[in-house]
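Descriptive analysis of the structure
Spelled out from the first residue to the last, the chains are:
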Amino acid sequence: MTGSIEGLERFDSPGKGRGLRVTRPFKVGELLFSSPAYSYVLSVKERGYYCEFCFTGKKGLAKCGKCKKAFYCNVKCQKGDWAMHKLECSAMTAFGENWCPSDISRLVARILAKKKMQKEKCVSEKILLIGDMQSHVEDEDNEKREMCEADIAGLYRFYSKHLEMPDHKDLLTLFSQVACNGFTIEDDELSHLGTAVYPDVALINHSCLPTVIVTYKGTSAEIRAVQDMKPGDEVLISYIDLLYPTEDRNNRLRECYYFTCNCQECKSQSKDKAKLKVRKRSDPIEPDVISNMVRYARKTVKEFRTFKNTKTPSELLEMCEQSLEEMGAVFDDSNVYMLHMMYQAMGICLYMQDVEGAVRYGEKIIKPYSQLYPPHCLNVSSLYLKLGRSYLLLERPSVGISALKKALAIMEVAHGKDHFYLTELRKEIAQK
Ligand SMILES: [Zn+2]
Ligand SMILES: [Zn+2]
Ligand SMILES: [Zn+2]
């Protein structure tokens, strides 16, 4: 680790390689540690809304005078960011509309620049840590390899002026490391703000029954207990969305992280039945009808993901409604595939400013969500936030406040009581 953190130690976790465990008790909601990002980048779509350097979101940020595309709180933040922003500032102007590196290429460019700066300053410790992160170049399939080559091409195209490029093999390793160990920085409603690398957090193994949760304060990651922990307990986060049944979770883990989970929930599969709940009918539904519908649902979920970038919001909404009608003949409303499509539909409604539509979907999702996800889960708190804020827009303050208070209770554990999201949220509640 970056130095030793009191109450924590590295150890060899059986069957998982290295891991992290606690050496003293931690209570639910207690902070285990906070980790500054080794490197990070704000998403292009958030430009102008958040400071590129400290990720403070506010109105009236000042823009970079040269490219007019990067925004900052003040001169101090601008100066602080220059070593990274200079990789993009003139290139963005030169390429204009054609400037389009992927987020991962942008992050890798920053890691390379940082490594170079550290070499000059003879700081070796963090470089080792990055070198220490797992990579899975040899496990990648053709599709992944092609994507990686495209990212490398992007790196050469947009950044070669400013960077000394390592050889191809080292680049493949670095991209693979960032793909497996990168974190998405999200806001309180789980909107994607940026991408970052935290070598300390990357030490934490996965479980579908996590003991801790990661939230963000600016560009730093904070790790808090979501279960009471005793000395010797392993620090475990979830790498994936935990809504789905065991088979789907493990498909996802194998696809993205190259392992199969062996946690208590994966062994007992105790929630799978509720997650795949079938509609009650007087004539029971045949097993092959159910398995066909599961296949249809998985295909739809996948298709929807690819269409998200190409179809219009109304086309996407229609796709959601159609699949919900189809699945609804077999699945209960609380079935996770129904929930998945309803959640997508809610997001589209919010995007199209159809608040009533969003509330209609949100109300159907919230109860099963709180039952199917583990306790103190951000998927649940963010849904309560969206729902509560929508009620307030519709001038329904009492249900609105009640939803916001439910979000607040979860966030006090996940984000810590003094996080600025909570200060803001308490203000929102008090105003009504
Ligand atoms: Zn700032
Ligand atoms: Zn600039
Ligand atoms: Zn598991």
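Identification of the chain as [histone H3]-lysine(4) N-trimethyltransferase from Parambassis ranga is taken from an unreviewed UniProt entry. As stated in UniProt under Catalytic activity (unreviewed entry), the record for the chain gives "L-lysyl(4)-[histone H3] + 3 S-adenosyl-L-methionine = N(6),N(6),N(6)-trimethyl-L-lysyl(4)-[histone H3] + 3 S-adenosyl-L-homocysteine + 3 H(+)".

Comments concerning the domain arrangement of the chain
Domain boundaries in the chain define domain 1 (8-35 + 198-237), domain 2 (73-183), domain 3 (276-369) and domain 4 (373-432). A C-alpha centroid distance of 36 Å is found between domain 2 and domain 4.

Overview of unusual backbone geometry
In this structure, Leu190 takes a positive phi of about 65 degrees despite not being glycine. Note on placement: Leu190 falls in the loop between strand 7 (182-186) and strand 8 (192-197). With 14 C-beta atoms counted inside 10 Å, the residue Leu190 sits in the partly exposed group. Its identity is not glycine, yet Gln269 carries a phi of approximately 50 degrees, on the positive side.

Regarding the sheet that holds strand 4 (residues 39-42)
Across the sheet, which stays open at both edges, the three strands sit in the order 4-8-7 with antiparallel pairing between neighbours. Both edges of this open sheet fall to strand 4 and strand 7, since each of them pairs with a single strand only. Mean inter-strand twist for the sheet, computed between neighbouring axes without regard to direction, equals 25 degrees. Across four bridges, the pairing between strand 4 and strand 8 is antiparallel. Bridging across to strand 8, Tyr40 finds its partner in Ala196. Those strands touched by helix 2 (residues 103-121) are strand 4, strand 7 and strand 8, and its axis lies near 140 degrees from that of strand 4.

Focus on helix 5 (residues 168-181)
Across its 14 residues, helix 5 extends 20 Å between first and last C-alpha, which sits within 8% of the 20 Å expected from 1.5 Å per residue. Of the positions making up helix 5, those classed as buried are Leu172, Leu174, Phe175, Ser176, Gln177, Val178 and Asn181. Summarising the contacts, the buried residues of helix 5 are in contact with helix 2, helix 4 (142-159), strand 7 and strand 8.

Rules behind the numbers
- Residues numbered from 1 in each chain as written.
- Chains lettered and ligands numbered in written order.
- Predicted model: local features only at pLDDT ≥ 70, side-chain atom pairs only at ≥ 80, totals over all residues.
- UniProt positions renumbered as here; feature names shortened; annotations may be inferred.
- Domains from an automatic or database assignment.
- Helix = DSSP H or I, 4+ residues; strand = E, 2+ residues; numbered from the N terminus.
- Buried ≥ 20, exposed ≤ 12 C-beta atoms within 10 Å, placed from the backbone.
- Pairing = 2+ DSSP bridges.
- Axes fitted to C-alpha atoms, helices over the stretch in contact; angles between N-to-C directions.
- Contact = placed C-beta atoms within 7 Å.
- Expected span 1.5 Å × (residues − 1).

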